[in-house]
Amino acid sequence: MTPQSISYLVGRVAIKLALVVLLIGCDTTTEPPEPDPVACEGDALSSSVTWETPEQVPVDVDGIATHADVAIHDGEPVIAFHQVDTTGTFVTIQDVYVVRRTASGWTEPVNLSQSDTPSMNPTLAAGPDGTLHLMWGERLQDATPRPDVVPDAVYYTQSTDGGQTWQPAEEVFASRSDDFFAAPRSFAFDDEGHPHIVLTSQENEETPPQIRHFVRNTSGWTGGKTPIGGQGGGFGPDIAFSETGVLSVTYLAPDTTREERDRNSVFVTHSEDNGQTWSEGVLVDRSGYSEPAQTPFIRYGTNDQLYIVWAKSLNGDLSADAIFGSCSPNGGTEWTEAKNLTPSFSIDGFLTFSSVAIDGTGAANLVFQKSGFSTTSFPAFYLRGSGETWTSTENLLDADGASQHIGLTTDETGDVHVSLRMIDRDPEGIYYSRGTVE
């Protein structure tokens, strides 16, 4: 065969191959159907919650008692709060106290922080063995003239006798030189009863904020060395354990996978070794730049059904005016489309998201409040969801006037408990109520 013939055959083969590639690239057959959307099952809303008349918690401290949180021990409430001094030139936070209800009534408040620096925002929880765990924020750096601005450290104590006695306070983490710090909002407990927490710290303006995980073992608090969320960092984390021992953390960070600007999107990551290593962050909802998310909470329901709920700004600024949520039926692998849980809720002021708890039926219970420059006419609100079905927003405790800083928990029977500061009530102060799931 002549060189010209070989060249001709090679050219013919090349043309046929090009036609095949072209036909493949221009395939006009019907595209395969999109996978079925993720769905979370839930029938827990066949039940309802009936709230008791709010009971005043007698608190005899100088100034104002506020930012109450609640835990249940042997069926009775234990409440932590911080005291605010109103006698000076500036309103300043002082100390963290605990009171508990017994068969003979409420005990006197016990000062657990007893520090010369401001102690604030207590978080209280009962572990699986009944141990009470308490942490709070402390302001160690000088913040003249108002030392109550923000905490820069976390302190912790525990009680193994229902709150009668408490161990000496321990320093969990102190940023001191950090440019930004956000204290933890929740405890999570592993199968041995060890408490886990997550917080945010930022060393300086040139580095992104980092999420740090800590656990208290028999030797004390450890962790914080392996940031969660990768090099890009993250902030606003919350933490939960599954029934199978998976540790999950939700957090906020910009989604950098697209060219469009973004801030405060919702992510989740998981650890199967109690926080030693973490999976790559999974995007739960992309907020975009104009609708940033805030304050995400994460909770496991029954059968590894996982909820994440967060406040969201729909008006382009950082004032939250709605609550959104998403659910995963398989422990965080896939997520339902984010849903506005408060679509008919109108707000005058801004929304402050308080807490989430899972009751005995597996339903998620949410409490939040409205805030603004006026302290009146801002009651607490409540809604409840199972799977992708949610109730309409209700006035928590059907109480008029302002309510603030709501604590929320559940007990071994599956009932729900709240503590809150009620301002427009006589007398003003901290109140407690139990919600029976029926």
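Residues numbered from 1 in each chain as written. Predicted model: local features only at pLDDT ≥ 70, side-chain atom pairs only at ≥ 80, totals over all residues. Heavy atoms only, no water.

## Some points on the packing of aromatic side chains
To be explicit about the condition: Here a Phe, Tyr or Trp ring, Trp counted by its six-membered ring, pairs with any other such ring whose centre lies within 6.5 Å, and the pair is stacked when the planes are under 30 degrees apart, edge-to-face when over 60, and tilted otherwise. Put simply, DSSP H or I for four residues or longer makes a helix, DSSP E for two residues or longer makes a strand, and each gets a number counted from the N terminus. Categorising residues by exposure relies on relative accessible area from a 1.4 Å probe, with only protein chains included: less than 20% of the type maximum marks a residue as buried, more than 50% marks it as exposed, and the intermediate range marks it as partly exposed. In this scheme, the term charge over a ring applies when either NZ of a lysine or CZ of an arginine sits within 6 Å of the ring centre and within 35 degrees of the ring normal.
This structure, assessed with the given rule, holds 12 aromatic pairs. Their ring planes at 50° and their centres at 5.6 Å tell us that Phe 173 and Phe 214 sit as a pair that is tilted. Note that Phe 173 is positioned in strand 11 (residues 170–174) and Phe 214 in strand 15 (residues 210–217), a separation of 41 residues in sequence. For the pair Phe 173 and Phe 214, a shared accessibility class is recorded, and that class is buried. Each ring, one from Tyr 307 and one from Trp 390, has its centre 6.3 Å from the other, and the planes form 85°; the classification is edge-to-face. Here Trp 390 lies in strand 28 (residues 389–390) and Tyr 307 lies in strand 22 (residues 306–312), a separation of 83 residues in the sequence. By the ring-pair criterion, three or more aromatic residues cluster together here, those being Tyr 156, Phe 187, Phe 189 and Trp 221. Lying over the aromatic face of Phe 297, Arg 185 brings its terminal NZ or CZ to 4.6 Å of the ring centre. Between Arg 263 and the ring centre of Tyr 289, over which it is positioned, the NZ or CZ distance is 4.2 Å.

## Focus: the sheet that holds strand 17 (residues 235–241)
Stated precisely, the cut-off is as follows: Two strands pair if DSSP finds at least two bridges between them. In this description, a line fitted to the C-alpha atoms serves as the axis of each element, helices being fitted only across the stretch in contact, and the angle between N-to-C directions of two axes falls anywhere from 0 to 180 degrees.
Reading across the sheet, the four strands line up as 17-18-19-20 and stay open at both edges, with antiparallel pairing between neighbours. A single partner strand is all that each edge strand has here, and the edge strands are strand 17 and strand 20 (282–285). Across the sheet, the axes of successive neighbouring strands diverge by a mean angle of 30°, strand direction being ignored. Judged from the seven bridges that link them, strand 18 (residues 247–253) and strand 19 (residues 265–271) form a sheet pairing that is antiparallel. Residue pairing for strand 19: Ala 253 is matched across the bridge by Ser 265.

## Comments concerning the environment of Trp 310
Here Trp 310 shows up in strand 22. The exposure class of Trp 310 is buried, given its relative accessible area of 0%. Each C-alpha atom of the pair Trp 310 and Ile 323 lies 5.6 Å from the other, and the pair is 13 residues apart in sequence.

## Comments concerning the pairing of strand 5 (residues 92–102)
In terms of burial, strand 5 is largely enclosed, as eight of its 11 residues are buried. Taken together, the seven bridges between strand 4 (residues 76–85) and strand 5 define a ladder with antiparallel strand orientation. When the bridges of strand 5 are listed, Asp 85 appears paired with Thr 92. The sheet contact formed by strand 5 and strand 7 (residues 110–111) spans two bridges and is antiparallel. When the sheet's bridge partners are listed, Tyr 97 is paired in strand 7 with Asn 111. Pairing between strand 5 and strand 6 (residues 105–106): two bridges, direction antiparallel. Bridging across to strand 6, Thr 102 finds its partner in Gly 105. Hairpin connection between strand 5 and strand 6: a loop of two residues separates the two successive antiparallel strands.

## Some points on the sheet that holds strand 8 (residues 119–126)
One open sheet holds the four strands; their spatial order is 8-9-10-11, and the pairing between them is antiparallel. The sheet is open, and its two borders are formed by strand 8 and strand 11, each paired with just one other strand. Going across the sheet, the axis of each strand differs from the next one's by a mean of 20°, ignoring polarity. Where strand 9 (residues 132–138) and strand 10 (residues 153–159) come together, seven bridges link them in antiparallel fashion. What sits directly across from Gly 137, in strand 10, is Val 154.

## Details of unusual backbone geometry
A cis amide bond, omega 0°, links Asp 426 with the succeeding residue Pro 427. Residue placement: Pro 427 occurs in the loop between strand 31 (416–422) and strand 32 (429–437). In this structure, Asn 274 takes a positive phi of about 60° despite not being glycine. Topologically, Asn 274 is positioned in the loop between strand 19 and strand 20. Residue Asn 274 is classed as partly exposed on the basis of its relative accessible area, which comes to 34%.

Interpretation note: all reported values are geometric properties and have no functional meaning in isolation.
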